[in-house]
Amino acid sequence: MNDPRDHHDPYETTETHVERLLGRALNSFDLPDATVERLESALAHSTSLHSSHHSSSLRRTTYRHAYLLPDGSALVLWELVHNAGRDGTEQHELYAEEAEVRLAASRLPAGPLPEWTVERADGRPLGEDDDLAALGALLAHPIPAQPRMYVPDNSADHARRVLRRAENADRPSERTARRLRIAFAHHITQVFGRNCPVEGGREVGFTLYEHQFLLLDGTELSLWEVEHTATPDGRHMCEVYESEAAARGAMEARSRVR
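Every value quoted in this text rests on a predicted model; they were computed, and no experiment measured them.

A. Quick peek at the overall build of the protein. Assigned secondary structure in the protein consists of eight helices and eight strands. Sorting the 258 residues of the protein into buried and exposed places 47% on the buried side. Partitioning the contacts of the protein with sequence separation of at least 6, the portion at a separation of at least 24 is 57%. Summing over all exposed atoms, the protein offers an accessible surface of approximately 13,400 Å²; the carbon and sulfur share of this is 52%.

B. Quick peek at the environment of glycine 23. The topology assignment puts glycine 23 in helix 2 (residues 14-24). On the accessibility criterion, glycine 23 (64% relative accessible area) is exposed. Spatially, the C-alpha atom of glycine 23 lies 9.7 Å from that of histidine 92, the residues being 69 residues apart in sequence.

C. Local environment of the pattern of salt bridges. For the coordinates displayed, the defined rule picks out 13 salt bridges. Arginine 24 is paired through a salt bridge with glutamate 79; the nearest N and O atoms lie 3.0 Å apart. Of this pair, arginine 24 sits in helix 2 while glutamate 79 sits in strand 3 (residues 74-82), placing them 55 residues apart in sequence. Given the relative accessible area of 18%, arginine 24 is considered buried.

D. Broad picture of helix 4 (residues 98-106). Burial within helix 4 is extensive, with seven of its nine residues counted as buried. Regarding helix 4, the residues found buried are Glu100, Val101, Arg102, Leu103, Ala104, Ala105 and Ser106.

Reading the values: the criteria
Starting afresh in each chain, residues are numbered from 1 along the sequence in its written order. Only residues with pLDDT of at least 70 are given local features in this predicted model, and only at 80 or more are side-chain atom pairs given and counted; all residues enter the totals for whole chains, interfaces and linings. Excluded from the side-chain calculations are hydrogens and water; all other atoms, namely the structure's heavy atoms, are used. Helix and strand assignments follow DSSP, with helices taken as H or I runs no shorter than four residues and strands as E runs no shorter than two, numbered in order from the N terminus. Categorising residues by exposure relies on relative accessible area from a 1.4 Å probe, with only protein chains included: less than 20% of the type maximum marks a residue as buried, more than 50% marks it as exposed, and the intermediate range marks it as partly exposed. It only takes one pair of heavy atoms within 4.5 Å for two residues to be counted as in contact. Surface exposure here means Shrake-Rupley accessible area, sampled with a 1.4 Å probe, where a residue is shielded only by the protein chains that are shown. Salt bridges, as used here, are contacts in which a Lys or Arg side-chain nitrogen is within 4 Å of a carboxyl oxygen on Asp or Glu.

Below you can see the structure in the form of structure tokens.
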């Protein structure tokens, strides 16, 4: 799927590497502006294989790109490479957070579970915490409740990206968007996942995520994201709601479409 030289060219400058990485990513426009600006000043870079999956129908690889910045700090980007597009060609996606690349990988159509192969760069199997394959298996089962662990990591920008990818007309209001501008920590939980048959004998998938935000005024606010393939052409669609009830209602309505 990937020529190793494409990710480990020892003669490629960091500037060229960044330009190529951003240029081939389908969602580079979704990266925070501040992240892109910091990347432009990167002095050096390193790329490592984070995980891989190969089956009869899906090829998926995740890379970790680390950059050294002039102030001595490091910046990390996560690249997802897969062949899950309509024509099966290789596609690249970039994410600023490991949690986001994990979610993106879990949403790809997975082959039979026994065919999963996920390894570290040194060939050792990943542990339970790092195993992206486990997320695919969770899509068909309820997700147990987990403790709320907020992470302060560009949370306001994360909220902006979640709202921007919402395609439903009844998405959260501008008032909610304004409140989320003062979010300083967040936590993502996969709450629900199920496949169900629709007209024509095909199956569609539904996944529900709760994006929980902690605001500077001490209050908490959640966005409920529904990912589904109940679309005429089977493509993934994202809808975002202000309440769990509204999100579950939307999933129920979509599941009745025949």
